[in-house]
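Descriptive structure summary
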Amino acid sequence: MNKPVLQHRPETAFRTVDGSLVFAGKSLPRLAQMAGQTPFYAYSRNLMTERVERLRRDMPDALKIHYAIKANPMPAVVQHMADIVDGLDVASANEMLVALDTGMPAENISMAGPGKRPLELLQAIAAGITIHVESPHELDSIARQSEQSGQAAHIAIRINPAFELKSSGMKMGGGAKQFGIDEELVPSALQRIKELDLDFRGFHIFSGSQNLKPAAIIEAQQKSMALAVRLSDFCPTPIRKLNIGGGFGIPYFPGEMPLDTRSIGEALAETMREAGNSIPEAEIIIELGRYLVGEAGLYVTRIIDKKVSRGQVFLVTDGGLNHHLAASGNFGQVIRKNYPVAIGNRMDCPEKETVNIVGPLCTPLDILADKMELPRAEIGDLVIIFQSGAYGYTASPRDFLNQPAALQMLV
Ligand SMILES: *Cc1c(COP(=O)(O)O)cnc(C)c1O
């Protein structure tokens, strides 16, 4: 059964049967048969549902939970998420169409991102979703499109706050950023909105991502709410939507622990109570991608060669960074660390070996595991990469070296 001391958290998260990991009710070899090929991604409906249910238990009842679909835009996944969250956040018009296909009301869909093209803005206006305005130029562009199409766009201002989300994997607010309108310039943007025929909804403040420190998240949430309250006096209408971002992280690397969402929920309930007096009509929203789906997915690839080079063992697999850039360490990591990896059909094999797992690409960057101690594996075995439900398939350079595509399935 499971070992008591672990390097990576996910290794204990799953049951095994006859040495094989069980995922979404199926043993790994069975899952591979069902896919009909390796490499593949498997995503679990149940794990996503459990994640959302637990989050709702920890968060204030009035809080709206949105799914940021760029984390995993597979249409079946987005459809499943649409049924269990309160809204969807998109970052392009194509993502918007996937979101609308689920039946999620346009009212609960929003679009953010610098560099929205005029056509995308028009699509968003026609659909009736909320556009998060990222610059003064974009604001005027939206106003022009609104006028030409005869529909008032629903807009919220994305604010680049003066503060940042501390200890984040990726900072997306604070300092000079391409995202949002600097906090200092928001009053003048609000003044401009009063002159335009636009339907103002509120604010969006997204300060960072992949954070595992409740204190940092709580602080950013409190500052975001306080900022919105301060700016509410300048608004043309009462704030109806206040998206305070997300940033909830998941444990990838040895020693990282799951986020304590209960303490975040308790603090947020208090913050929402206080802000409720000043901005009573505001619906408070958090938007999460990775946290909702990241732990609900595996990437599975098969060992097609095993060789020894000057004393080191190399397991060569049929997929690599072309399908899973993040696991190779080339997606935002400063220092390469091993993702949680297992030999999916030898989970309880006592004989261990230190190995390098590499993909089939002709580049030294194509590494899935660097000197990891794993059960002794052979050609034909299945390598699993955990924590692969977010920023995997669509965040990878799938055409690089023109290898066969990975398959995705929602189980
Ligand atoms: C990417 C992004 C998200 C999702 O971030 P996660 O780290 O996956 O939770 C949410 N909101 C905005 C505006 C984003 O750009």
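Residues numbered from 1 in each chain as written. Predicted model: local features only at pLDDT ≥ 70, side-chain atom pairs only at ≥ 80, totals over all residues. Heavy atoms only, no water.

Here's the deal with the site of the ligand
Operational definition: Whether a residue is near a molecule or strand is decided by its heavy atoms; if any one of them lies within 4 Å of it, the residue is near. Within 3.5 Å is the distance limit for a polar contact, defined as a pair of N or O atoms, with the added protein rule that one can donate a hydrogen and the other accept it, and that residues adjacent in sequence qualify only through two side-chain atoms. Residue burial considers only the protein chains on display, and all accessible areas are found by Shrake-Rupley using a 1.4 Å probe. Residues are grouped as follows: nonpolar covers Ala, Val, Leu, Ile, Met, Phe, Trp, Tyr, Cys and Pro; charged covers Asp, Glu, Lys and Arg; every other residue, Gly included, is treated as polar.
Contacts to the ligand come from Ala68, Lys70, Met172, His204, Phe206, Ser209, Glu287, Leu288, Gly289, Arg290 and Tyr391. Between Lys70 and the ligand, the recorded distance is 2.7 Å, taken from a side-chain N or O atom to an oxygen atom. Interatomic distance of 3.0 Å between a side-chain N/O atom of Glu287 and a nitrogen atom of the ligand. If the ligand stood free it would expose 390 Å²; the protein chains cover 92% of that surface. Its residues placed into classes, the shell around the ligand shows five nonpolar, three polar and three charged.

Remarks on the nonpolar core
Which entries qualify depends on this criterion: Grouping buried Ala, Val, Leu, Ile, Met, Phe, Trp, Tyr and Cys residues that are joined through side-chain atoms within 4.5 Å yields what is termed a nonpolar core. The buried label applies to any residue whose accessible area, calculated with a 1.4 Å probe on protein chains only, is under 20% of its type's maximum; exposed applies above 50%, and partly exposed to all values in between. Strands are runs of DSSP state E lasting at least two residues, helices are runs of H or I lasting at least four, and both sets are numbered from the N terminus onward. Domains are outlined according to an automatic or database domain assignment. The criterion used for residue contact is that any of the two residues' heavy atoms lie within 4.5 Å.
Within the largest apolar cluster, 107 residues are counted, with the highest numbers of intra-cluster contacts made by Tyr67, Phe203, Leu242 and Leu292. Ranked by residues supplied to this core, first place goes to helix H8 (residues 214-231) with eight residues. When residues of this core are assigned to domains, at least three fall in each of domain 1 (10-43 + 295-410) and domain 2 (112-288). With residues near it in sequence (within four places) discarded, Leu292 still touches Met48, Arg51, Val52, Leu55, Ile65, His66, Tyr67, Met81 and Val85. By size, the runner-up hydrophobic cluster in this structure holds 18 residues, among which are Phe23, Leu28, Ala42 and Met409.

Details of the pairing of strand S12 (residues 199-204)
Worth spelling out the cut-off: A pair of strands is labelled paired if DSSP reports no fewer than 2 bridges between them.
Across the six residues of S12, five count as buried, placing the element largely inside the fold. One ladder, built from five bridges, connects strand S9 (residues 154-160) with S12; its direction is parallel. Note on S12: the bridge partner recorded for His154 is Asp199. Pairing geometry for S12 and strand S14 (residues 241-243), over three bridges, is parallel. Its bridge partner lying in S14, Phe203 is registered against Leu242.

Structural measurements only, silent on function.
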